[in-house]
Structure formats: structure tokens, C-alpha cells
Amino acid sequence: MSKTLLEKVWDLHTVRELPSGQTQLFIGLHLVHEVTSPQAFMMLKERDLSVRYPGRTFATVDHIIPTQDRGRPFADSMAEQMFVHIERNAGEFGVEFFDESTGRQGIVHVIGPELGLTQPGMTIACGDSHTSTHGAFGSVAVGIGTSQIRDVLASGCLAIARPKSRRIEVDGSLSAGVYAKDVILHIIGALGVQGGVGYAYEYGGRVFDSFSMEERMTVCNMSIEGGARVGYVNPDQKTYDYIRGREYAPEDGEFDRAVDWWSSMKSDADADYDSVVKIDGSSIGPMVTWGINPGQVVGVGEKLPDPADLDGADRASVEEALAFMKLEAGAAIAETPIEVAFIGSCTNGRISDLREAAKVAATGKVAKGIRALVVPGSQRVREQAEAEGLHETFRASGFEWREAGCSMCLAMNPDKLVGDQICASSSNRNFKGRQGSPTGRTLLMSPAMVAAAALAGVVVDVRSLNQPAAQVPGDLI
Amino acid sequence: MTSDMRITSVTGTVVPVRGNDIDTDRIIPARYLRAVTFDGLGPHSFEDDRKAAGGSHPFDDPRYTGAKLLVVNRNFGSGSSREHAPQALLRWGIEAIVGESFAEIFFGNCYTLGIVCAVVPEKEASSIQSAVEADPGMELAVDVDDSTVRTETRELPFIIPEAVREGFITGKWDAIAELVANPAEVRSIHDSLPYIGGFGGD
Ligand code: SF4
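If you're wondering where the values come from, they're calculated on a predicted model, not measured in any experiment.

Analysis parameters
- Residues numbered from 1 in each chain as written.
- Chains lettered and ligands numbered in written order.
- Predicted model: local features only at pLDDT ≥ 70, side-chain atom pairs only at ≥ 80, totals over all residues.
- Heavy atoms only, no water.
- Pairing = 2+ DSSP bridges.
- Helix = DSSP H or I, 4+ residues; strand = E, 2+ residues; numbered from the N terminus.
- Axes fitted to C-alpha atoms, helices over the stretch in contact; angles between N-to-C directions.
- Core = buried A, V, L, I, M, F, W, Y, C linked by side-chain atoms within 4.5 Å.
- Buried < 20%, exposed > 50% of the residue type's maximum accessible area, 1.4 Å probe, protein only.
- Contact = heavy atoms within 4.5 Å.
- Buried area = accessible area lost by both parts, 1.4 Å probe.
- Salt bridge = Lys/Arg side-chain N within 4 Å of Asp/Glu carboxyl O.
- Right-handed = clockwise from strand over helix to strand, strands pointing away.
- Polar contact = N/O pair within 3.5 Å; in protein donor to acceptor, adjacent residues only side chain to side chain.
- Phe/Tyr/Trp six-rings, centres within 6.5 Å; stacked < 30°, edge-to-face > 60°.
- Parallel < 35°, antiparallel > 145°, perpendicular 65-115°, else oblique.
- Left-handed = near helix turned anticlockwise from the far one by under 90°.
- Nonpolar A, V, L, I, M, F, W, Y, C, P; charged D, E, K, R; others polar.

Another aspect to go through is the sheet that holds strand β2 (residues 69–71) of chain B. All names here are of chain B. What the seven strands build is an open sheet, ordered β4-β3-β2-β1-β5-β6-β7; its pairing is mixed. In this open sheet, the two strands that pair with only one neighbour each are β4 (116–119) and β7 (155–157). This sheet shows a mean twist of 30 degrees between the axes of neighbouring strands, independent of strand direction. Here three bridges tie strand β5 (residues 139–143) to strand β6 (residues 148–150), and the two strands are oriented antiparallel to one another.

Here you go:
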């Protein structure tokens, strides 16, 4: 019988059906960070349990880590305490810990793939909703809560029900200046922030075939913003090429056998899905969110909705979002002034994102009064960017160049919006208060669009910058 | 041990919180994740929304003090996987949530903590909210055994996955005991996986 990748991976990792009807699912790779894990380790200690598979468990610090002064102890004593906890827990329980001294520290969803830990056919769990990122490699990767982290640490397993499957096929081709970020924002806009609840999204079609691994990660990363806990792309030659030679990848002859197995895990051509959605890639343009959830999004050339055209709950949601964002009903999103620009996060903090943003940054200077930050997703990304001189380009243009971490994606470290500042951001969430100020406002877009907004001081269509540098709008300081 | 963990019904007064897509960043802002325990989260539930509402948020309304049930609208608990969100609500005193729909990770986290999430149709969620706003002392019962929400005058079936209902009424909603019960079986799955045991060709 033909099967989807989801079914193949699920079946292979099923230990048994629990009396509750859920699956006891073996987790092949467990990634841990400092924010959601301390309570889980404490629960283990309370019950006198150990970590069952420490060799399948890896930890890093990303959320609270400062991206400027990293001298220990951290100036923020709470951040220091959280760091000490994960360091100590990893040591006590025999879990490998990637702190800055290893040169491998970074956002958990950036370093997993980068180190070759993330591979096709695996089940992966992490106490973080963006764990879906790892699905870009053809793994089934789920975000879990702290009690479930405890479960995976103690047993190697999760109690979980298998999601339904939806294939999202994006055919045609993307036009220049349109990125993976625009594709996923378009999908969320079309299917809604709740459209994926209960589903695993399988992304495919011509656009995904031609995407790089990093672009696939950007899309899978934001599956959860569309409600889907799992998102994946079937593995192909690009997947194998990406993994080859990485630290935790199979070596030599083992690698070829791995490729055979990985290839066998793909969805069968005639597999059945619970739902299929088709999207024409050539219809997608640069996208910008205007509201307080990622589904409140328009094309950069479009206008904001007007609550007067809507009824009931939709009307109330739009009214609430416009009021919070201090934006006008029916206004164009283009030309919306910004105050802060943030390039980074597990969605768009990888080397290809920084390259695209740097290309734009090279065409001008950050507009007067705009605070612009570039925060690489990992130490390795930072190193690579510096080897290519991207940091010089950013600095010359007026961007701050930082150390690796989550930073202003959720502002648990010192990088925060102030008051009702409005931020063009390459991150994944525009929730109220997300970037560290309860009244702070977020406009999500691709890294190139963020860079363009930083130069112009307002939201602009990055495609309009594909002009000689002299024509770039922007205040030359 | 499981007998005292059985959850067959939650009865009490209600706090209505209106709005769609209330994400976990709003339920508990990220600054309260800067901690190594869940202690003390309760009072910070909805903190920024409450501040923005200038004291008129239902969680600040003395008429709803002591509520055990929370009634919400669509896609409650979206966004971040932080268990801090249901932990905060639990520590506030919430034992069951009735709403039109819930985000998946939030729903799962609630289940693991023994918080019942009951799904009712859109207009029923808002009509319960209106009824409570008119009569804040009103009691509601979420009866898990027969999946029914009851007020003094009405009965309304709610939707709950059978596995979840089963877990609550048998007291097995906290999966840890089941998951650590069969280490040998788990080990054999572990050993059988090509990416752990080897990709073959030996
Ligand atoms: S970058 Fe943002 S979304 Fe990603 S793991 Fe860090 S805080 Fe979460």
C-alpha cells in the first residue's frame, strides 16, 4: 500500500498504541534549549529518573543569550541563572551542550541542520513550536511542552496522536524579489492561522523542488503559524548534498546506504492525503503582515482590510488588530513608516538570508533614526558571513552586527522594542508584545524586504530597488 | 495512583475572555519565561492585555474571582509551545476551558496538566460568555463522562477527542507512567532504526 512520508516515519517509530488511543512514538532526536527545559529536568529529579537516551539528546542556549556583551556572568542575573541551569543539567544528565565556547552555539533550529543532526526519516522533538523547521529534511518534527520534554527525556518517547495529512503544492515559479518567506506568508494568509490544526503539511511542487534547503526550512519553520504542528518536504538530492560532510552526518560508505534509506522514506507517488491544496507560485508577491497574527497579511502592493466590509468575529479581529497596530483601515501597507529593522531568527537567520539582505543593504544607508540589527542564527552562520565580508557591508550601511541568538524575535534578552515602536522583522510572529514591549508593533516580511525598509525608512517593495544604487530612496546619513 | 487523578467533571463559576486567536504570548508574556520554575506565574496571566485594558479585563474583574472555568472563542492558545501558558492559568485557578477551538500544542499541554478543553460551536461559546456577563455568579459544569456542558437551565454537548476523554476519566492524562513502563520495547525500536543502529550493508 502506498504511504506518505508521515505514515512511513510514524509506523517505523511506533512503540505501541497507548490505552488512551494515542501512539507511543519513539523520538530519534531531542533538541533542548534553556527556556522550556529547566522545569522538565527538575521533574526528572523529583521522580528520580534519568535521561534514557542522552546520546540522542542535544542542548544549546539561544533565547536568553545576549547578542552583544557575552562576558560571564551575564549582566542580567536571571539569564545567567537560566544559563547555569542548562549547563548543569546537561552535565549531570550526560547531554551534549553546545555553548559559545564550542563554536557551535546558535538557535536550536539553525544548529540542528547545520551540524547534520537533522536527517530524513527521523522523528524530532524540541520544546519549541518552530521545531517544524526540521521537516525541511523529510523528518517528522514536533514542538512540545515542558511536561512532554520530561516524557521524552525520561522515556525517549512521546504520547501523541498522528496528525492528518495535507499536501500543499506550489507550482509555477516565483518572480525575482519573491522569497520563501513570502510563500509561507501567502499560504498562511490563504489557509488561515488555524487552517492547519490537526494536520501535518507536506510541501511540494515545482517551487519547493527548486528551493534550497534553507528556503525549505523557512517555509517549514512557519507551519505552526498556520496551525500545523508538523510541516515537511520530501527529501531529494539537495537534501543529501546539504547533509554530506556535516559533523553528525553518516560518513563514507555509510552515507550512500543512508541515501538509499532516506530515498525510501519519501511519500509514494500515489499516496493518499486527507487534503490537497494547490497554489500558483507565480501569483505570489512580496508579503507584509499588518496585524497581530501572521495570517493578517497582504501583498506589498495591497491595501489593509476595512472592518466596514466584514461581519461578526472577522470584523472584531480586524478592528482589534488595526487599533493595536495604529494603522488605518483601507490604507496601503507600502510607505508605512518603520522605526526598527530586525534581520535574524530561526525563520530567516541563515547565511542565504543574510546574503540577500546584504545585497540590498549594499545599495544604500539605513535611513536616519532607524535602528537596524542583524543577528545571525548561529555562530557558524556568523563566521561564514564574516568570511564573506557581509558584516562589513551591513556595518557600512548602518546596521548593527551581533552575536548569534534569538534576540528580538521574542526579546527575552536585552534586544527589545521600546514603547510602541514599529519594527520590520524577518522573524515569525507579530503577536502583541512579542518583541519585548507590550505595545510594540511588528511587520513580518522577508529579510530582503526588511533591509529595503531599513534603507527607505518605510515599507517598500524590494523589487523597486532592483535599480542602480543611485535611485535607491533612503536618507544618506 | 491513577484513581485520584480521575477527572470526570469540573464545576464552578466562570470567567469569560472574549477574542479570537489569543496567543500564548498574550496568556503569559515572554518576560515571565525568564525563570527556572513555573511557580508564581498565576498572577501574571494575561498581564499585558490586562494593563492595556486599564483594569477592565475579566481577569481583573472582582465578579469573576475564584472562577474555575474559562470561556473563550476561536483558536485559543495559538503560537508558542510554552507550557507556561496553561501553567499560569492553572495557577490562577482555571481547571477547564470552554471555547470554539484551541491551538494544537496548547490543547496537548492542557491535557498533560489535567486541564479540560471543551469545544463548543461558535455561537454557544459567545452565548455562555453573555450569560456569565449578565450573571457572574452563574455556575457551569463541564462533565467529561458524557461530554456535556451544563448550566442550571441548559445542557450542551461538547466535542473532545475520545482518547483525551478516556485519559481524563481513567486518570491517565499524565502519560509519563505509561511511557516509562516498557523500556525494553522502546529499546528495540531504538535499535531497529537505521539512523541509530546503522544503515545496513554489514
Ligand atoms: S528565533 Fe524566535 S521563534 Fe525561533 S526559536 Fe528563537 S524565539 Fe523561537
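Let us keep going from here.
One finds Phe399(A), Phe76(B), Ile97(B) and Phe106(B) to be the most contacted residues of the largest nonpolar core, which totals 219 residues. Not counting the four nearest positions on each side in its chain, Phe106(B) is found in contact with Thr24(B), Ile27(B), Phe76(B), Gly77(B), Ala85(B), Pro86(B), Leu89(B), Ile97(B) and Cys117(B). One finds Phe342(A), Leu373(A), Met408(A) and Cys423(A) within the second-largest nonpolar core, a separate group that totals eight residues.

Residue and element names in this part refer to chain A. The strand order across the open sheet built from five strands is β5-β4-β3-β6-β7, with neighbouring strands paired in parallel fashion. At either end of the open sheet lies a strand with only one pairing partner, and these are β5 (96–98) and β7 (140–143). Averaged over all neighbouring strand pairs, the angle between strand axes comes to 20 degrees, with direction disregarded. The pairing of strand β6 (residues 123–126) with β7 spans four bridges and is parallel. Bridging from a neighbouring strand, Cys126 pairs with Gly143 of β7. Strands in contact with helix α1 (residues 5–13) are β6 and β7; relative to β7, the strand with the most contacts, it is inclined by about 80 degrees.

Take Ser78(B): it is sitting in the loop between β2 and α3 (84–92). Residue Ser78(B) is classed as buried on the basis of its relative accessible area, which comes to 10%. Residue contacts for Ser78(B): discarding those within four places in its chain leaves Phe431(A), Asp21(B), Ile22(B), Asp23(B), Thr24(B) and Ala103(B).

Looking now at helix α4 (residues 104–113) of chain B. Residue and element names in this part refer to chain B. Most of α4 sits out of view: nine of its ten residues are buried. Of all the positions in α4, only Ile105, Phe106, Phe107, Gly108, Asn109, Cys110, Tyr111, Thr112 and Leu113 are classed as buried. Where α4 ends, the next residue or the one after it, Gly114, has phi of about 80 degrees, a positive value.

Every contact between the two is made by 56 residues of chain B and, on the other side, 78 residues of chain A. For the pair chain B and chain A, the summed buried surface comes to about 5,400 Å²; carbon and sulfur atoms form 59% of the total. Among the residues of chain B in contact with chain A, Arg34(B), Tyr195(B) and Phe199(B) are the three that bury the most area, contributing 15% of the side total. Our enumeration of links across chain B and chain A arrives at seven salt bridges.

Right, let's talk about unusual backbone geometry for a bit. Residues and elements named next belong to chain A. The amide bond that connects Arg72 to the next residue, Pro73, takes the cis arrangement and shows omega of -10 degrees. The topology assignment puts Pro73 in the loop between β4 (57–60) and α3 (77–93). Its identity is not glycine, yet Ala411 carries a phi of approximately 55 degrees, on the positive side. Structurally, Ala411 can be placed in the loop between β17 (400–401) and β18 (422–425). Given a relative accessible area of 7%, Ala411 falls into the buried group.

Once that is clear, we can look at the pairing of strand β3 (residues 96–99) of chain B. Residue and element names in this part refer to chain B. Here β3 shows two buried faces, one formed by Ala96 and Val98 and the other by Ile97 and Gly99. Here three bridges tie β2 to β3, and the two strands are oriented parallel to one another. When the sheet's bridge partners are listed, Leu70 is paired in β3 with Ile97. For the crossover that starts at β2, traverses α3 and ends in the parallel β3, the hand is right-handed. In terms of strand pairing, β3 meets β4 through four bridges, oriented parallel. Residue Val98 lies in a different strand from β4, and its bridge partner there is Ala118. You can see the chain leave β3, run along α4 and come back into β4, and the turn it takes is right-handed.

Before going further, it helps to examine the pairing of β6(A). Successive side chains on a regular strand alternate, one facing one side of the sheet and the next facing the other. Residue and element names in this part refer to chain A. The side-chain alternation of β6 yields two buried faces, one formed by Thr123 and Ala125 and the other by Ile124 and Cys126. Sheet topology places strand β3 (residues 29–32) next to β6; three bridges connect them, and they run parallel. Among the inter-strand pairings, Leu31 is bridged to a residue of β6, identified as Cys126.

Residue and element names in this part refer to chain B. Tracing the chain through its elements places Arg50 in helix α2 (residues 47–52). A relative accessible area of 14% means that Arg50 is categorised as buried. In this structure the side chain of Arg50 is engaged in a polar contact, spanning 2.7 Å, whose partner is the backbone oxygen of Ser45. Setting aside chain neighbours within four positions, we find Arg50 in contact with Pro43, His44, Ser45, Gly55, His57, Phe59, Asp60 and Trp92.

Let us now look at the packing of aromatic side chains. Under the counting rule described, the total for this entry stands at 24 aromatic pairs over all chains. Relative to Phe399(A), the ring of Phe394(A) has its centre 5.5 Å away and its plane inclined at 70 degrees; by these criteria the two rings are edge-to-face. For the pair formed by Phe394(A) and Phe399(A), the shared burial category is buried. Their ring planes at 75 degrees and their centres at 4.8 Å tell us that Phe46(B) and Phe59(B) sit as a pair that is edge-to-face.

With that settled, consider the packing of α3(B) against α4(B). All names here are of chain B. Between α3 and α4, the least distance of the axes is 9 Å, while the angle of their chain directions is 45 degrees. When the axis of α3 is compared with that of α4, the two are oblique. The interaxial crossing formed by α3 with α4 has right-handed handedness. Across the interface between the two elements, Ala85, Pro86, Gln87, Leu89 and Leu90 of α3 pack against Phe106, Asn109, Cys110 and Leu113 of α4. Class assignment of the residues belonging to the contact of α3 with α4 gives a composition of seven nonpolar, two polar and no charged.

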